[in-house]
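# What the coordinates show
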Amino acid sequence: MFLQPLNHPIRHWQGMMIWVVGASSGIGAALAKAMLKQGAHVAVSARTASALESQFQPEVNAMVLPLDVNDSLAWQQAHEQILQRWGQVDMLVYCVADYVPERVWEMQPDRARQMVLTNLAAYYDALAILLPDMLLAGKGHLALIASVAGYVGLPKATVYGPTKAALINLAEILYNDLHALGINVFLINPGFIATRLTEKNDFEMPALLSPEQASAAIMAGMACGDFEIHFPRRFTRWLKLVQLMPYRWRFALMQRLVST
Ligand SMILES: NC(=O)c1ccc[n+]([C@@H]2O[C@H](COP(=O)([O-])OP(=O)(O)OC[C@H]3O[C@@H](n4cnc5c(N)ncnc54)[C@H](OP(=O)(O)O)[C@@H]3O)[C@@H](O)[C@H]2O)c1
């Protein structure tokens with residue numbers, strides 16, 4: 001039987017107004033550049049203004065809007081600037097994360113709280129700001145980058161993992177509520193990508209991709225109208241299998257990972 005895609009496929013980027021938050025480096029920067037190349041207008045945000053300016057200022061169709069996602073007022077001000085110049089936001093891509101690899105006993109509560117705010121809670125600000133216009137228009141696209149670290153409890157993902165599991169759960173809820181109202185929801189679950197974030201890992205990362213390969217996989221998934229865009233599949237499928245294992249097997253596997 002032919003299955004309909006879960007989202008409306010995006011095959012034409014020309015003229016789309018996209019806001020990529022977390023675009024100063026890594027996957028977000030690569031994705032923003034790829035979208036600009038396809039003819040989209042892209043507003044780019046992150047805290048480091050200099051990194052945004054050096055990469056995007058020369059682009060005619062880019063708008064540099066530095067912000068800290070934990071500042072609600074900054075979200076509103078940046079949104080107003082986009083509306084003034086472009087009139088609307090067609091797509092929000094949330095590529096923001098903080099990550100500290102740590103075993104449970106290394107966790108520091110203040111740092112943990114901050115990570116939960118940045119990785120998860122700040123996204124609710126974005127939703128509150130963007131949803132009213134999208135609901136009124138009966139169209140729009142929400143793309144959020146979670147992680148395969150949200151599939152299962154991985155070693156050293158003490159705070160990062162739960163925030164990603166929560167984003168996966170939230171994406172399902174968003175899809176349930178918003179798809180029928182014309183809004184696409186894309187859940188993006190990358191495996192290991194060589195970025196500033198994974199530089200912190202002290203182990204060999206299997207099936208490592210570049211940010212450019214990640215952005216190509218994301219845009220290909222959007223062109224197919226996939227709800228979950230996960231890559232590279234040779235790694236993510238393996239983790240999906242682990243997710244299906246009984247806990248006894250899963251825990252045994254994780255013990256082997258932490259002891260190597
Ligand atoms: N790399 C991987 O293997 C991998 C795997 C699965 C999922 N992911 C996810 O992919 C997304 C992008 O990560 P990446 O790997 O590309 O890492 P990255 O290069 O460190 O990108 C993270 C981005 O988030 C921004 N950011 C962090 N805190 C912020 C804050 N408080 N306010 C505004 N912006 C903030 C950073 O910019 P500033 O520091 O300039 O603010 C940067 O632009 C994240 O959601 C990450 O969890 C990555």
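Above this text you will find the structure in question.
Residues numbered from 1 in each chain as written. Predicted model: local features only at pLDDT ≥ 70, side-chain atom pairs only at ≥ 80, totals over all residues.

### So, the overall build of the protein
- In terms of helices and strands, the protein carries eight helices and seven strands.
- For a compact globule of 260 residues, the expected C-alpha radius of gyration is about 18 Å, and the protein comes in at 18 Å, within 12% of that figure.
- Counting all 260 residues of the protein, 39% fall into the buried class.
- When contacts within the protein are restricted to residue pairs at least 6 apart in sequence, those whose partners lie at least 24 apart make up 66%. (Helix = DSSP H or I, 4+ residues; strand = E, 2+ residues; numbered from the N terminus. Rg over C-alpha atoms; globule rule 2.2 N^0.38 Å. Buried ≥ 20, exposed ≤ 12 C-beta atoms within 10 Å, placed from the backbone. Contact = placed C-beta atoms within 7 Å.)

### Quick notes on the sheet that holds strand 2 (residues 41-45)
- The seven strands lie next to each other as 3-2-1-4-5-6-7, forming an open sheet whose pairing is parallel. The outermost strands of the open sheet, each flanked by one partner alone, are strand 3 (62-64) and strand 7 (228-231). Within the sheet, the average angular offset between the axes of one strand and its neighbour, ignoring direction, is 15°.
- In this structure, strand 1 (residues 17-21) lies alongside strand 4 (residues 91-94), joined through four bridges in parallel fashion. (Pairing = 2+ DSSP bridges. Axes fitted to C-alpha atoms, helices over the stretch in contact; angles between N-to-C directions.)

### Some details on helix 3 (residues 72-86)
- Compared with the 21 Å implied by 1.5 Å per residue over 15 residues, the 21 Å span of helix 3 between its first and last C-alpha is a close match.
- Turning to helix 3, its buried residues are Trp 75, Ala 78, His 79 and Ile 82. Looking straight down helix 3, one finds its buried side chains confined to an arc of 100°; they lie on one side. Residues Leu 73, Gln 77, Glu 80 and Gln 84 are exposed on helix 3 and point more than 90 degrees away from its buried face.
- If you follow the buried residues of helix 3, they end up packed against strand 1, strand 2, strand 3 and helix 4 (109-137).
- Once helix 3 finishes, Gly 87 follows within two positions and takes phi at roughly 85°, a positive value. (Expected span 1.5 Å × (residues − 1). Arc of directions from axis to C-beta.)

### Quick notes on the site of the ligand
- Taken together, 28 residues sit near the ligand, with Gly 22, Gly 26, Arg 47, Thr 48 and Ala 97 positioned nearest.
- Counting residues per element, the shell around the ligand draws most heavily on helix 1 (residues 26-37), which supplies three residues.
- Along the lines of polarity and charge, the residues of the shell around the ligand split into 13 nonpolar, eleven polar and four charged. (Near = placed C-beta within 6 Å. Nonpolar A, V, L, I, M, F, W, Y, C, P; charged D, E, K, R; others polar.)

### Some remarks on the pairing of strand 1
- Here strand 1 lies mainly inside the structure; four of its five residues are buried.
- Pairing analysis gives five bridges linking strand 1 to strand 2, with the strands arranged parallel. Bridge assignment links Val 21 to a residue of strand 2, and that residue is Ser 45.
- Taken together, strand 1, helix 1 and strand 2 constitute a β-α-β crossover, and its handedness is right-handed. (Right-handed = clockwise from strand over helix to strand, strands pointing away.)

### Section: the packing of helix 4 against helix 5 (residues 160-178)
- At a minimum axis distance of 9 Å, the contact between helix 4 and helix 5 shows a crossing angle of 25°. By the angle class used here, helix 4 and helix 5 are roughly parallel. As helix 4 runs across helix 5, the sense of the crossing is right-handed. Where helix 4 approaches helix 5, its residues Met 115, Val 116, Asn 119 and Leu 120 are matched on the opposing element by Tyr 160, Thr 163, Ala 166 and Leu 167.
- Along the lines of polarity and charge, the residues of the contact of helix 4 with helix 5 split into six nonpolar, two polar and no charged. (Parallel < 35°, antiparallel > 145°, perpendicular 65-115°, else oblique. Left-handed = near helix turned anticlockwise from the far one by under 90°.)

### Some points on the packing of helix 1 against helix 6 (residues 211-224)
- Put simply, helix 1 and helix 6 touch, their axes get as near as 8 Å, and they point 60° apart. Relative to helix 6, the element helix 1 lies oblique. By crossing handedness, the relation of helix 1 to helix 6 is classed as right-handed. Counted together, Gly 26, Ile 27, Ala 29, Ala 30, Leu 31 and Ala 34 of helix 1 and Pro 211, Glu 212, Ala 214, Ser 215, Ala 216, Ile 218 and Met 219 of helix 6 form the full contact between these two elements.
- Residues that form the contact of helix 1 with helix 6 fall into these classes: ten nonpolar, two polar and one charged.

### Some details on the pairing of strand 7
- As judged from the four bridges shared by strand 6 (residues 183-190) and strand 7, these two strands associate in the parallel manner. By the bridge assignment, Ile 188 is partnered in strand 7 with Ile 229.
- Once you follow strand 6 into helix 6 and on to strand 7, the crossover reads as left-handed.

### Concerning helix 4
- Compared with an ideal rise of 1.5 Å per residue, which puts 29 residues at 42 Å, helix 4 spans 41 Å between its outermost C-alpha atoms and is within 8% of the ideal.
- The largest bend along helix 4 measures about 45° and falls at Thr 118.
- Buried within helix 4 are the following residues: Met 115, Asn 119, Leu 120, Ala 122, Tyr 123, Ala 126, Leu 130 and Met 134.
- Once helix 4 finishes, Gly 138 follows within two positions and takes phi at roughly 70°, a positive value. (Bend = angle between axes of the 7 residues up to and from the residue.)

So yeah, pure geometry; function would need other evidence.
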